[in-house]
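Residue-level listing of the chains:
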Amino acid sequence: MKRFHILGSLFVLSALVACNNGKTQNADATGTDSLANEVEVVDSALYGVVGNGTSMHSIELKDESGKTSTYQFDVDMDADIQGGLFGGDRITLVLGKTDSGEKEVKKAVNLTSLCGKWTALDRNFEIMEDGTVKSSQNIESNPYTHWSMVNCNLVLNRDTFDVLYIGPDSLTIENKKGIFVYKRQK
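Residues numbered from 1 in each chain as written. Predicted model: local features only at pLDDT ≥ 70, side-chain atom pairs only at ≥ 80, totals over all residues. Heavy atoms only, no water.

Enquirer: What's the story with the packing of aromatic side chains in this structure? I'm lost.
Expert: The geometry of an aromatic ring pair is captured by two quantities: the separation of the ring centres and the angle between the planes. On inspection of all chains with the given rule, the structure shows three aromatic pairs. Each ring, one from Phe161 and one from Phe180, has its centre 5.8 Å from the other, and the planes form 90°; the classification is edge-to-face. In this pair, Phe161 is assigned in strand S12 (residues 159-166) and Phe180 in strand S14 (residues 178-185), connecting sequence segments 19 residues apart. The class for Phe161 is buried, based on a relative accessible area of 2%. Take Phe180: its relative accessible area is 26%, and that puts it in the partly exposed class. Over the ring of Tyr144 we find Arg123; its NZ or CZ atom is 3.9 Å from the centre of that ring. (Phe/Tyr/Trp six-rings, centres within 6.5 Å; stacked < 30°, edge-to-face > 60°. Helix = DSSP H or I, 4+ residues; strand = E, 2+ residues; numbered from the N terminus. Buried < 20%, exposed > 50% of the residue type's maximum accessible area, 1.4 Å probe, protein only. Lys NZ or Arg CZ within 6 Å of the ring centre and 35° of its normal.)

Enquirer: What should I look at first to understand the pattern of salt bridges in this one?
Expert: One side chain can pair with another of opposite charge once the charged atoms of both are near each other. The final tally for this structure, using the stated rule, is three salt bridges. The residue Asp80 makes a salt bridge to Lys107 at a minimum N-O spacing of 3.3 Å. Of the two residues, Asp80 is situated in strand S4 (residues 80-82) and Lys107 in strand S6 (residues 103-110); the sequence distance between them amounts to 27 residues. Given the relative accessible area of 25%, Asp80 is considered partly exposed. Of the charged contacts in the structure, one is a salt bridge between Lys106 and Glu104, with a shortest N-O distance of 3.1 Å. Through salt bridges with shared partners, one network takes in Asp80, Lys107 and Asp162. (Salt bridge = Lys/Arg side-chain N within 4 Å of Asp/Glu carboxyl O.)

Enquirer: Honestly, the nonpolar core in this entry has me stumped. Any pointers?
Expert: When a protein is soluble and globular, its nonpolar side chains tend to lie buried together. Counting residues in hydrophobic clusters, the biggest one holds 22 residues, and the most contacted among them are Leu114, Trp147, Leu154, Leu156 and Ile173. Within the residue set of this core, elements represented by two or more residues are helix H2 (111-114), strand S8 (124-127), strand S10 (147-150), strand S11 (153-156), S12 and strand S13 (170-175). With three residues, S12 is the single largest residue contributor to this core. Setting aside its immediate chain neighbours within four residues, Leu154 contacts Leu114, Trp147, Ser148, Met149, Asp159, Thr160, Phe161, Val163 and Ile173. With 10 residues, the next largest nonpolar core counts Phe73, Ala79, Ile91 and Leu93 among its residues. (Core = buried A, V, L, I, M, F, W, Y, C linked by side-chain atoms within 4.5 Å. Contact = heavy atoms within 4.5 Å.)

And the structure:
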C-alpha cells in the first residue's frame, strides 16, 4: 500500500512539473525558483541619476524624464545606502514612510558602483551597464549572463540577492543559499 502512495505522489509531482512547462517561472525574493510562486513581482523602485543637490541626509534624484525630486533619509535610523552617493552616478532607491507619513529613502543602491569586474573563489564576472554579465571562467556550471534590479535587489539570471554592501573594493550579496563576498578586479 505504501508503494502505491509513493508512486501516486510521484505521479502528481511529475504532472505538476509537466503542466508548468511553457509557463514563466518567477524567482522569489529569496533567490529560488518556485512552482508555487507564480506572482509577478512589481518593481516599485525609483531609478535615475544622483543630482548635485544631494547632501548628508537627502538624495536629489533626476529621473529619465528630467524631473528632479529630493528624498530624505536617516542613516542613523534604518536607511540602507550602498555604493555611495556621487553626483552623476546612476542609482535606484526604494521609498518608505516615516511615522509621520512622510516619504523617505529606505534603501538605495548605486548602480554605477555595482558595475565592474567581481571575483571570488568560484565565480569571476563583470557586471556591464547594458544589463549583461560577462563571465571570464569557463569552469562555472551556471555562469551569470544578465542582471537587473528589482526593488533594490540584484537579480543575476534567476537568482535574487539582497545587496548588503558595495564598497570601493568589495561586494557582499545574500540570498537563501548564503552570503557571497566578491573582490573588485581592476
